[in-house]
Amino acid sequence: MGRSTPPTTSSSPPAPTPSSRPCPACASCPGCGPTNREATGANEIPRRLLVLGAGPTGVELSQAFTRLGADVALVDGADHVLPREPRALGDAVGEALRADGITLHLGQHANAARLDNDEYVLDLPDGTQLRADRLLVATGRRPRVDGIGLETVGVEASPHGIPTDERMAAGDGLWAVGDVTGQWNLTHVGEYQGRVVAANILGRPTTVNYDAIPRVIFTDPQAAAVGAAEDTFTATVQLSGVARTATYTRAYATRPGFLTVVSDGERLTGAYAVGPEAGEWLQQATLAIRARVPLAVLLDVVQPFPTFSEAFLHVLRELDRQVHHPSGDR
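Remember, predicted model here, so these are calculated numbers, not experimental data.

Peer 1: I tried to follow the side chain of Thr 66 on my own but got confused; where do I start?
Peer 2: Here Thr 66 lies in helix H3 (residues 56-67). Classification of Thr 66 as buried rests on a relative accessible area of 14%. Setting aside residues no more than four positions away along its own chain, Thr 66 makes contact with Val 72, Asp 100 and Ile 102.

Structure below.
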């Protein structure tokens, strides 16, 4: 958060902190941890690892530690991994995690977490007891708004962060960007908000627009999404039918890999994909959604051969068929 005065001064927002005991199970386990901050700096790999939380951080670190040699079990109360993303995305990533040997315990929250000598123990409602050498808590983060002097500038934060208007203003001459706002806790969103604030400070009125925020989960295969998960029309193509897939790896003849787009019948309103570097080539959809590009224009775009971008040609043809030939007649 920062205040603009002549000359303009600003400060970087504080990094978010792990959610304070986000599950009842952790309340009885004062030694529960580490979080992703400590995990990414680990200097040894545990033989057994329990990961609590199947959001992006949980699935990314589960796969990373598995491939480094740990025996990993992933626990989440939702019935699929990546619960805030479309179900198909979570199912595909879950399938990939299982193929790597990760055990998924989904659809139930841990009743209790405790230390038993040198073992971390999680008790699940179905009677299952999980034991490991380390427990990684990846159940979310909260904005760090305490002890940064907000009361001195008349700003009152909520549990979700510092409230701002669409210009990212938190008050007269006050601006907030990044995780401290509680809006889309993603690095690239914080950078975007910073650009909006800079434009407003320089006298160019600018507002934020969150219609096309790309999200990327850095697993193998990579998963990505942007915009809405549902709309009037939905079309999906498998990456196994795209020529580039065969030249990349023949494994995608059997591995999960697809592109789904959603539309209101005039424009794209959302898209999500699983596949090699999906976060790169899905950006076509990000631009199309943000610029409100008509479907007819998207269909007229020439996609290079052989690239993963050809998936857009195939899926847009299918979407066009649904919009203009709903009965299946050509």
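After presenting the structure, the write-up continues.
Peer 1: Teacher, can you tell me more about the nonpolar core here?
Peer 2: If you look at soluble globular proteins, the nonpolar side chains tend to sit buried side by side. Counting residues in hydrophobic clusters, the biggest one holds 29 residues, and the most contacted among them are Leu 259, Val 261, Leu 268, Trp 281, Leu 282, Leu 316 and Leu 319. Residue assignment for this core shows that the elements contributing at least two residues are strand E14 (222-227), strand E15 (233-238), strand E16 (258-263), strand E17 (268-275), helix H7 (278-281), helix H8 (283-291), helix H9 (295-299) and helix H10 (310-324). If one sorts the elements of this core by residue count, H10 sits on top with 6 residues. Grouped together as the second largest cluster of nonpolar side chains are 25 residues, Val 72, Leu 82, Ala 92 and Ala 223 included.

Peer 1: Explanation requested: helix H5 (residues 187-201) in the structure shown.
Peer 2: An α-helical turn contains 3.6 residues, so a residue and the one three or four places further along point in the same direction. The terminal C-alpha atoms of H5, which comprises 15 residues, lie 21 Å apart, in line with the 21 Å expected from a rise of 1.5 Å per residue. Those residues of H5 lying buried are Val 189, Gly 190, Tyr 192, Gln 193, Val 196, Val 197, Ala 199 and Asn 200. Summarising the contacts, the buried residues of H5 are in contact with strand E12 (174-175). Positive backbone phi, at 90°, marks Gly 203, one or two positions downstream of H5.

Peer 1: I keep staring at the pattern of salt bridges and nothing clicks. Help me out?
Peer 2: A pair can form between side chains of opposite charge whenever their charged atoms are brought close. Taken as a whole and assessed by the stated rule, the structure comprises 12 salt bridges. Put simply, Asp 123 and Arg 114 hold a salt bridge, and the shortest N to O gap is 2.5 Å. Classification of Asp 123 by relative accessible area gives buried; the value is 18%. Look at Arg 114 and you get partly exposed, because its relative accessible area is 31%. Glu 318 is the partner of Arg 321 in a salt bridge, and the nearest nitrogen-oxygen pair spans 2.7 Å. One end of the pair, Arg 321, and the other, Glu 318, are both in helix H10, 3 residues apart, so they sit about a helical turn from each other. The class for Glu 318 is partly exposed, based on a relative accessible area of 24%. Here the residues in one salt-bridge network are Arg 48, Asp 116, Glu 119, Arg 131 and Asp 133, joined through shared partners.

Peer 1: I tried to follow H8 on my own but got confused; where do I start?
Peer 2: Residues of H8 that are buried include every one of Ala 285, Thr 286, Ala 288 and Ile 289, and no others. Residues of H8 that are buried make contact with E14, E17, H9 and H10. Arg 292 occupies a position one or two residues after H8 and carries a positive phi of about 55°.

Peer 1: For this particular structure, what's the right way to read the sheet that holds E16?
Peer 2: Strand pairing within a sheet occurs via backbone hydrogen bonds; the two strands may be parallel or antiparallel. In spatial order, the strands read E13-E14-E17-E16-E15; together these 5 strands make up an open sheet with antiparallel pairing. Of all strands in the sheet, those with a lone pairing partner are strand E13 (215-217) and E15, marking the two edges. Across this sheet, the average inter-strand angle for adjacent strands is 10°, counted without regard to direction. In terms of strand pairing, E16 meets E17 through 6 bridges, oriented antiparallel. The partner of Thr 260 across the bridge, within E17, is Tyr 272. Helix H4 (residues 87-99) contacts E14, E16 and E17 of the sheet and is inclined by roughly 5° relative to E17.

Parameters at a glance
Residues numbered from 1 in each chain as written. Predicted model: local features only at pLDDT ≥ 70, side-chain atom pairs only at ≥ 80, totals over all residues. Heavy atoms only, no water. Helix = DSSP H or I, 4+ residues; strand = E, 2+ residues; numbered from the N terminus. Buried < 20%, exposed > 50% of the residue type's maximum accessible area, 1.4 Å probe, protein only. Contact = heavy atoms within 4.5 Å. Core = buried A, V, L, I, M, F, W, Y, C linked by side-chain atoms within 4.5 Å. Expected span 1.5 Å × (residues − 1). Salt bridge = Lys/Arg side-chain N within 4 Å of Asp/Glu carboxyl O. Pairing = 2+ DSSP bridges. Axes fitted to C-alpha atoms, helices over the stretch in contact; angles between N-to-C directions.

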